[in-house]
Amino acid sequence: MMIVTKVSLLCISMILLQEVASAAKPTSSKKMILIPGGTFVPFESISKKEKPETPLEKTRAIESFYLDEKLVTNQDFLKFVEKSPSWRKTKVKRLFADPDYLENWVSDLSFGNLKALSPVVDVSWFAASAYCEAQGGSLPTTDQWEYALSDGGVEQSETNSKILEWYSKPTEAKAPVVGKTKNKFGRYDIGFMGWEWT
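Cut-offs applied
Residues numbered from 1 in each chain as written. Predicted model: local features only at pLDDT ≥ 70, side-chain atom pairs only at ≥ 80, totals over all residues. Heavy atoms only, no water. Helix = DSSP H or I, 4+ residues; strand = E, 2+ residues; numbered from the N terminus. Buried < 20%, exposed > 50% of the residue type's maximum accessible area, 1.4 Å probe, protein only. Contact = heavy atoms within 4.5 Å. Axes fitted to C-alpha atoms, helices over the stretch in contact; angles between N-to-C directions. Parallel < 35°, antiparallel > 145°, perpendicular 65-115°, else oblique. Nonpolar A, V, L, I, M, F, W, Y, C, P; charged D, E, K, R; others polar. Pairing = 2+ DSSP bridges. Salt bridge = Lys/Arg side-chain N within 4 Å of Asp/Glu carboxyl O. Phe/Tyr/Trp six-rings, centres within 6.5 Å; stacked < 30°, edge-to-face > 60°.

**Re the overall build of the protein**
Next up, step 1: Tallying secondary structure elements over the protein gives 6 helices and 7 strands in all.
Next up, step 2: Each helix and strand of the protein, placed in order from N terminus to C terminus, yields the pattern β-β-β-β-α-α-β-β-α-α-α-α-β.
Next up, step 3: Looking at the protein residue by residue over its 198 residues, the buried ones come to 45%.
Next up, step 4: At a minimum sequence separation of 6, the contacts of the protein that also span at least 24 residues come to 74%.

Structure follows, in C-alpha cells:
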C-alpha cells in the first residue's frame, strides 16, 4: 500500500518519455536522449529487510527508451496550456487537479515572476500525463524512472542515499533553473529538482 501525503512546497516535475519502437524517432520538440536498456536493482528491493533476496531476484530488466534531456519547465507547460485550455489553472476540473494546481502561477497564462526555465511545479498526475500525450509521449513507468536515476547501476548506492536525503527535506518554494546536474546517461536533474510523476 502506498500512502501519499501533502507536503507544503511540494514540487512536482514531469519527465516526458517515449518508448523505442523499431528505431522510431521521438516526435517531441524537446531534446530527448536514448536511455539504453539494461538491468537495475529497484529502491523497494534495497529497502526491504523482511526476506533476504539474491541479487538476481532483485534485478529488473529495462528495454531502451527515450527520455527528455531536461525537466518540463514553466515555459514548456505554458505553451501546453495555451493550446489546451482545459488544463489552465482556473479551467481544470477538480477531479483532475487539487486546489494547489499551479498555485504559484498568477493566472491561467502567466507564471508571474517564476523563472521560465525552472521546472513546473504543483501539477497533477492527470495534467502531467496530458502534457506528455500532447508531446507524443507518456510518463515513464516507475521502473524506467528508477533505472534512469540509477545511471545503469553506476554508483547506485551513493545515488540512492542522495535521493533519499533530498526527499526527506522540504523543497524550496522557487526551484532553480533546470540543466545543472547531468547523470551518466546524459539526463539533467533527475531526482534532485522536485518530486516527479511516473
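**Focus: the packing of helix 3 (residues 74-83) against helix 4 (residues 125-134)**
Next up, step 1: At a minimum axis distance of 11 Å, the contact between helix 3 and helix 4 shows a crossing angle of 80°. With respect to their mutual orientation, helix 3 and helix 4 come out roughly perpendicular. Contacts from D76, F77 and F80 in helix 3 reach A127, A130, Y131 and A134 in helix 4.
Next up, step 2: Among the residues forming the contact of helix 3 with helix 4, the class breakdown is 6 nonpolar, no polar and 1 charged.

**Section: the pairing of strand 6 (residues 65-68)**
Next up, step 1: Of the two faces of strand 6, the one holding F65 and L67 and the one holding Y66 and D68 are both buried throughout.
Next up, step 2: Of the strand pairs in this sheet, strand 3 (residues 32-35) and strand 6 are connected by 4 bridges, and their pairing is antiparallel. The partner of I33 across the bridge, within strand 6, is L67.

**Concerning the pattern of salt bridges**
Next up, step 1: A full pass over the atoms with the stated rule returns 2 salt bridges.
Next up, step 2: Between D143 and R60 there is a salt bridge whose closest N-O contact spans 2.7 Å. On the criterion of sequence distance, the pair formed by D143 in helix 5 (residues 142-149) and R60 in strand 5 (residues 60-62) is long-range, its members being 83 residues apart.
Next up, step 3: Given the relative accessible area of 23%, D143 is considered partly exposed.

**Some details on the packing of aromatic side chains**
Next up, step 1: Summed over the entire model, instances satisfying the criterion amount to 10 aromatic pairs.
Next up, step 2: With 5.1 Å between their ring centres and 70° between their planes, F96 and F126 make a pair best called edge-to-face. One end of the pair, F96, is in the loop between helix 3 and helix 4; the other, F126, is in helix 4, and 30 residues separate them in sequence.
Next up, step 3: According to the relative accessible area criterion, F126 is partly exposed, its value standing at 38%.

**Thoughts on the side chain of E69**
Next up, step 1: Looking at where E69 falls in the secondary structure, it is placed in the loop between strand 6 and helix 3.
Next up, step 2: Excluding its chain neighbours within four sequence positions, the residues that come into contact with E69 are K31, M32, I33, G186, R187 and Y188.

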